[in-house]
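A structural walkthrough
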Amino acid sequence: MCHVIVTCRSMLWTLLSIVVAFAELIAFMSADWLIGKAKPSSSEDVDNRTGGSQEPYHPTLGIYGRCTRVSHMQLSRRDTLCGPYAENFNEIASGFWQATAIFLAMGITILCAVALVSVFTMCVQSIMKKSIFNVCGLLQGIAGLFLILGLILYPAGWGCQKAVSYCGPYASAYKLGDCSLGWAFYTAIGGTVLTFICAVFSAQAEIATSSDKVQEEIEEGKNLICLL
């Protein structure tokens, strides 16, 4: 018989697992890893209402994507265009970024799988006599290691030709040059920290769902068990 067990700790772990997976996925897909040096507006980019030139803009560069500003001559305006600069894996700007993409993709795949499984932990608490919380916590720890490897390798690719075109000639491995780090990089770091927090907190979720109070509720014949 399936017993639906919901506790504050198990629910918090489930929510954190889902948030971490989405945060890492969004960061990976974003082009806002590097914010390039300011590009001055050209003489053609004139504000028709004020007669002055528009403010300089900052193009952004991701692991496989980029955002830049394109002109619409007939409409006298400029729009930001975002999309992948690499049509396939081999066109990613740096070998280090290719390795970063692999490690991040592996970590995110594991996190998404754990997030999916975590939804069903209310009904299923063990697999082959192994606690599903402990198994998921172990997988989250492994995913965190993959994420760390990817984030460590990423700055080593700042000296590639693509990064130099955005960050200036002083950009090199682990040196930003004229660039700054975008929100996607910080989100990936924050998600990695939360991944390890989830891995540790999974043990608390296991303790909460196998406590004496839960066992008493089960012995009383209750199928829906909600505890603080």
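For clarity, every value in this text was computed on a predicted model and none was experimentally measured.

Look at helix H2 (residues 95-119): 37 Å from first C-alpha to last across 25 residues, which is about the 36 Å you get at 1.5 Å a residue. Turning to H2, its buried residues are Trp-97, Gln-98, Thr-100, Ala-101, Leu-104, Gly-107, Ile-108, Ile-110, Leu-111, Val-114, Ala-115 and Ser-118. Elements in contact with the buried residues of H2: helix H1 (8-29), strand S2 (34-35), strand S3 (60-61), helix H3 (132-153), helix H4 (161-167) and helix H5 (183-209). The backbone nitrogen of Phe-96 lies 3.0 Å from a side-chain oxygen of the residue at the head of H2, namely Ser-94.

This brings us to the packing of H1 against H5. Packing of H1 against H5 leaves a shortest axis separation of 8 Å and a crossing angle of 160°. Viewed along their axes, H1 and H5 adopt a mutual orientation that is roughly antiparallel. For H1 against H5, the interelement crossing comes out left-handed. Considering only residue class, the contact of H1 with H5 consists of 16 nonpolar, 9 polar and 2 charged.

This part is about unusual backbone geometry. Most of the time, phi is negative for any residue but glycine, and the peptide bond is trans. One non-glycine residue, Tyr-174, lies in the positive phi region at around 65°. Among the structural elements, Tyr-174 can be located in the loop between H4 and strand S8 (180-181).

Further remarks concern the nonpolar core. Counting residues in each nonpolar core, the largest one holds 42 residues, and the members touching the most others are Trp-13, Trp-33, Leu-34, Ile-63, Trp-97 and Tyr-154. For this core, the secondary-structure elements that each account for two or more residues are H1, H2, H3, H4 and H5. No other element matches the 8 residues that H2 contributes to this core. Sequence-distant contacts of Trp-97, defined by excluding residues within four places in its chain, comprise Leu-34, Leu-61, Gly-62, Ile-63, Tyr-85, Ile-92, Tyr-154, Gly-157, Trp-158, Cys-160 and Ala-163.

Moving on to the side chain of Thr-195. Looking at the element boundaries, Thr-195 is found in helix H5. Apart from residues no more than four positions distant in its own chain, Thr-195 is found in contact with Val-20, Leu-111, Gln-140, Gly-144 and Leu-147.

Moving on: the packing of aromatic side chains. Tallying each qualifying case throughout the model produces 9 aromatic pairs. Seen in terms of ring centroids, Phe-28 and Tyr-64 are 5.8 Å apart; in terms of plane orientation they differ by 50°. Their pairing is tilted. Residue Phe-28 is located in helix H1, and its partner Tyr-64 is located in the loop between S3 and strand S4 (65-72); the two are separated by 36 residues in the primary sequence. Take Tyr-64: its relative accessible area is 24%, and that puts it in the partly exposed class. What links up through ring pairs into an aromatic cluster is the set Trp-33, Trp-97, Tyr-154, Trp-158, Phe-185 and Tyr-186.

Thresholds, definitions, all that
Residues numbered from 1 in each chain as written. Predicted model: local features only at pLDDT ≥ 70, side-chain atom pairs only at ≥ 80, totals over all residues. Heavy atoms only, no water. Helix = DSSP H or I, 4+ residues; strand = E, 2+ residues; numbered from the N terminus. Expected span 1.5 Å × (residues − 1). Buried < 20%, exposed > 50% of the residue type's maximum accessible area, 1.4 Å probe, protein only. Contact = heavy atoms within 4.5 Å. Polar contact = N/O pair within 3.5 Å; in protein donor to acceptor, adjacent residues only side chain to side chain. Axes fitted to C-alpha atoms, helices over the stretch in contact; angles between N-to-C directions. Parallel < 35°, antiparallel > 145°, perpendicular 65-115°, else oblique. Left-handed = near helix turned anticlockwise from the far one by under 90°. Nonpolar A, V, L, I, M, F, W, Y, C, P; charged D, E, K, R; others polar. Core = buried A, V, L, I, M, F, W, Y, C linked by side-chain atoms within 4.5 Å. Phe/Tyr/Trp six-rings, centres within 6.5 Å; stacked < 30°, edge-to-face > 60°.

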